[in-house]
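# Structure assessment
Now for the letters of each chain:
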Number of protein chains: 2
Amino acid sequence: MSLTPYLTPPYYVVIFSSRRTPGDNGYGAMADRMGRLAAQQPGYLGFESVRNADGIGVTLSYWDSPESIRAWKDQAEHTVAQEIGLTRWYEHYEVRVARVERAYSGPGDARHPTAWDIAD
Amino acid sequence: MSLTPYLTPPYYVVIFSSRRTPGDNGYGAMADRMGRLAAQQPGYLGFESVRNADGIGVTLSYWDSPESIRAWKDQAEHTVAQEIGLTRWYEHYEVRVARVERAYSGPGDARHPTAWDIAD
């Protein structure tokens, strides 16, 4: 997986932090499918997903607006995946929707802000 | 690592997505130290950090306000760690500061919202 490059704020992020159940149980194939589907949604800006060996993971998806997030939440196949996730794949998860207000990059990307002042 | 439990919005999150250089080079000990220091900062609400086997990682820290984030960014030891990170530990990173506007939990936590309507 690669990092989602710098995007100019403001935009939105869905933070999905989860603890997986043991075993795959069809999860990997569905996660790949959902990643491809999300990328086709209007307002999609990017995606990052990482998981520790102990089953704790964080998936970040970036969007242009709350309306785009809502449309993805309600997408038909994604709704089915969410229902299976609730009963089979996740012991627990926390979902957070946040508005990105500031961003910077470093090192190796001189095109974008590399320092930032939260109090400006 | 455990998940940061549900927190009532609004609050703030720093999303640190990174690609590590090969080898430890003192990173693990410093990361542990920074985690402990962050937890002692005013306004600290929680912390999650995960990394794939390929070196891509996401660290999330939760805070009560932008001012608390700013104070942590400027904390003396943390400033030193950031400088070493820039030259030694990270091939690249993206930092995003975001305001958490909505959140829900599931399954296994009946005390908190388990559904949510972004358009309410």
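Scroll up to find the structure.
About the cut-offs
- Residues numbered from 1 in each chain as written.
- Chains lettered and ligands numbered in written order.
- Predicted model: local features only at pLDDT ≥ 70, side-chain atom pairs only at ≥ 80, totals over all residues.
- Heavy atoms only, no water.
- Least-squares fit on C-alpha atoms with pLDDT ≥ 70 in both.
- Contact = heavy atoms within 4.5 Å.
- Axes fitted to C-alpha atoms, helices over the stretch in contact; angles between N-to-C directions.
- Helix = DSSP H or I, 4+ residues; strand = E, 2+ residues; numbered from the N terminus.
- Parallel < 35°, antiparallel > 145°, perpendicular 65-115°, else oblique.
- Left-handed = near helix turned anticlockwise from the far one by under 90°.
- Nonpolar A, V, L, I, M, F, W, Y, C, P; charged D, E, K, R; others polar.
- Pairing = 2+ DSSP bridges.
- Salt bridge = Lys/Arg side-chain N within 4 Å of Asp/Glu carboxyl O.

## Here we look at the relation of the copies chain B and chain A
- Laying chain B over chain A is done by rotating through 180° and shifting 0.0 Å along the axis; what remains is an RMSD of 0.0 Å. One copy is carried onto the other by what is essentially a two-fold rotation axis.
- Interface residue correspondence from chain B to chain A reaches 100%, placing this contact among same-surface, isologous pairings.

## Some details on the packing of helix H1 (residues 27-39) of chain B against helix H3 (residues 76-89) of chain B
All names here are of chain B.
- Viewed as axis vectors pointing N to C, H1 and H3 meet at an angle of 150°, and their least axial separation amounts to 11 Å. Our classification of the angle between H1 and H3 gives roughly antiparallel. Between H1 and H3 lies a crossing of left-handed hand. Two secondary-structure elements touch here, H1 through Tyr27, Met30, Arg33, Met34 and Leu37 and H3 through Glu77, His78, Ala81, Ile84 and Trp89.
- Among the residues forming the contact of H1 with H3, the class breakdown is seven nonpolar, one polar and two charged.

## Some details on the sheet that holds strand E1 (residues 11-20) of chain A
- Taken in spatial order, the eight strands make up an open sheet running E2(A)-E3(A)-E1(A)-E4(A)-E4(B)-E1(B)-E3(B)-E2(B), and their pairing is antiparallel. Strands with a single pairing partner mark the edges of an open sheet, and in this sheet they are strand E2 (44-51) of chain A together with strand E2 (44-51) of chain B. For this sheet, the mean angle separating the axes of adjacent strands, direction not counted, is 25°.
- Bridge count for strand E4 (residues 90-106) of chain A against strand E4 (residues 90-106) of chain B is 13 bridges, and the pairing is antiparallel. Within the sheet, the bridge partner assigned to Tyr104 of chain A lies in E4 of chain B and is Val95 of chain B.

## Re the interface of chain B and chain A
- Counting residues at the interface gives 52 residues for chain B and 52 residues for chain A.
- Counting the contacts that link chain B with chain A gives two salt bridges.
- We note a salt bridge from Arg96 of chain B to Glu48 of chain A, for which the minimum N-O separation is 3.9 Å.
- Ranked by residue count, the leading element in the side of chain B that touches chain A is E4 of chain B, at 17 residues.

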